[in-house]
Amino acid sequence: MTEAPRAGWYADDQGELRYWDGSAWTDYTARNYPYATSARQTSVGFTTEARQGSKPWLRRWELWLVAGCVAFMGIVAVGAATTPVTTDSATSEPVQVTEPSRPVDPTPPSADPSPTLEPTPEPTDEPVVLLFITDQKDGDSWVASDGNEYRLGLVNTPERNEQCGSEATAFTRKLLSKGYSVNAYAEDTHGRVVAEVRDVKGRSLNVMLAKRGLADDRYLEEFRHENPELARRLDRAFASASVPACRKAAKPVPLVPQPPQAKAPDKDCMAGYSPCLPIVADLDCGEIGHPVTVTGSDPYRLDRDGDGTGCD
């Protein structure tokens, strides 16, 4: 018995190139399977004896026909190999389309992408109560709208009738005209509330008077311990204080001219002054009307600048 040819593409009994699976013909032909010729197999393997044994009706002229078909299909196969495969073929293999990769966002996704609105916390601080000047004494003391009399802490401004006294008084009145807040920390011997005072913009009146040269440090060292933090800021302010125009002007004229006072007997004179000053509860330069030499303890506080001369 003649051995059957191995699997491959061969011309069938009709002269058409068909695939032989090793035992029988299949339905795959060069006409409906364009890739048939890629196998590049011919009728070699089907020997004359095998074809005659299995297909006795084949004739010699068919060999030439098969050879021609194989050559033709070889040319077609070469052309098909260089031609892009179209999707029109019914037996074309599916083409896998690779989706282009997307850029990876390095930021890890949020655990909760939905924004959450947190309730606004209730303010815990009590609202600032603004006070107003109702009766101003001078640049560093006044009666306020709450009924208390306030005294600026650690600074001293001139009296109204003293040099720069009117300027200091006007500066305080203007700065606090829209209201002010106080940081009270002590009480003086006159029952006044000692405080640091701030205007509506939060500026310290104590420090600003020192910077403008409208206040001096007469009480700074004596009462520094009552408010050390304010004292440190005043140290810097006094060190860089400007010289106001009123310091360069002539001696101010008393607000209310006083007639010359008759010389009192020595026994009625207040100790510590020359010429003699009467013994009264209090006395200021406006009532005296002339300079005096301070020779003692200065009970009337006439020598503000400490140069030994009062009301100068």
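Located above this text is the structure these notes cover.
Residues numbered from 1 in each chain as written. Predicted model: local features only at pLDDT ≥ 70, side-chain atom pairs only at ≥ 80, totals over all residues. Heavy atoms only, no water.

Asker: Whenever I open this one, the overall build of the protein chain confuses me. Can you help?
Answerer: Each helix and strand counted, the protein chain has seven helices and eleven strands in total. Counting all 312 residues of the protein chain, 32% fall into the buried class. Counting only contacts in the protein chain whose residues sit at least 6 apart along the sequence, the fraction spanning at least 24 positions is 51%. Carbon together with sulfur atoms contributes 55% to the accessible area of the protein chain, which is approximately 20800 Å² in total. (Helix = DSSP H or I, 4+ residues; strand = E, 2+ residues; numbered from the N terminus. Buried < 20%, exposed > 50% of the residue type's maximum accessible area, 1.4 Å probe, protein only. Contact = heavy atoms within 4.5 Å. Areas by Shrake-Rupley, 256 points an atom, 1.4 Å probe, with all protein chains shown as cover.)

Asker: Just checking my understanding: could you explain the pattern of salt bridges for this structure?
Answerer: Side chains carrying opposite charge are able to pair once their charged atoms draw close together. As enumerated under the stated definition, the model contains twelve salt bridges in all. Among the ionic pairs, Asp140 bridges to Arg151, the shortest N-O distance being 3.6 Å. Placement of Asp140 in the loop between strand 4 (133-136) and strand 5 (141-144) and of Arg151 in strand 6 (residues 149-152) is noted, with a sequence separation of eleven residues between them. Taken as a pair, Asp140 and Arg151 share a single burial class, namely buried. Linking Arg224 and Glu221 is a salt bridge whose minimum nitrogen-to-oxygen distance equals 2.8 Å. Glu221 gets classed as exposed once you look at its relative accessible area, which sits at 59%. (Salt bridge = Lys/Arg side-chain N within 4 Å of Asp/Glu carboxyl O.)

Asker: Explain the packing of aromatic side chains here, please?
Answerer: Aromatic ring pairs are described here by two measures, namely the spacing of the ring centres and the angle between the planes. Enumeration over the complete set of coordinates arrives at five aromatic pairs. Ring centres of Trp9 and Tyr19 lie 5.2 Å apart, and the angle between their planes is 65°; this geometry places the pair in the edge-to-face category. Taken as a pair, Trp9 in strand 1 (residues 8-11) and Tyr19 in strand 2 (residues 17-20) lie far apart in primary sequence, ten residues in all. With relative accessibility at 27%, the residue Tyr19 sits in the partly exposed group. Between Tyr219 and Phe223, the ring centres sit 6.3 Å apart and the planes meet at 55°, which makes this aromatic pair tilted. (Phe/Tyr/Trp six-rings, centres within 6.5 Å; stacked < 30°, edge-to-face > 60°.)

Asker: Please explain helix 5 (residues 228-239) as it appears in this structure.
Answerer: For an α-helix, the turn length of 3.6 residues means that residues three or four places apart are oriented alike. Look at helix 5: 17 Å from first C-alpha to last across twelve residues, which is about the 16 Å you get at 1.5 Å a residue. Each element contacted by the buried residues of helix 5 is listed here: strand 7 (180-187), strand 8 (193-199) and helix 4 (205-211). (Expected span 1.5 Å × (residues − 1).)

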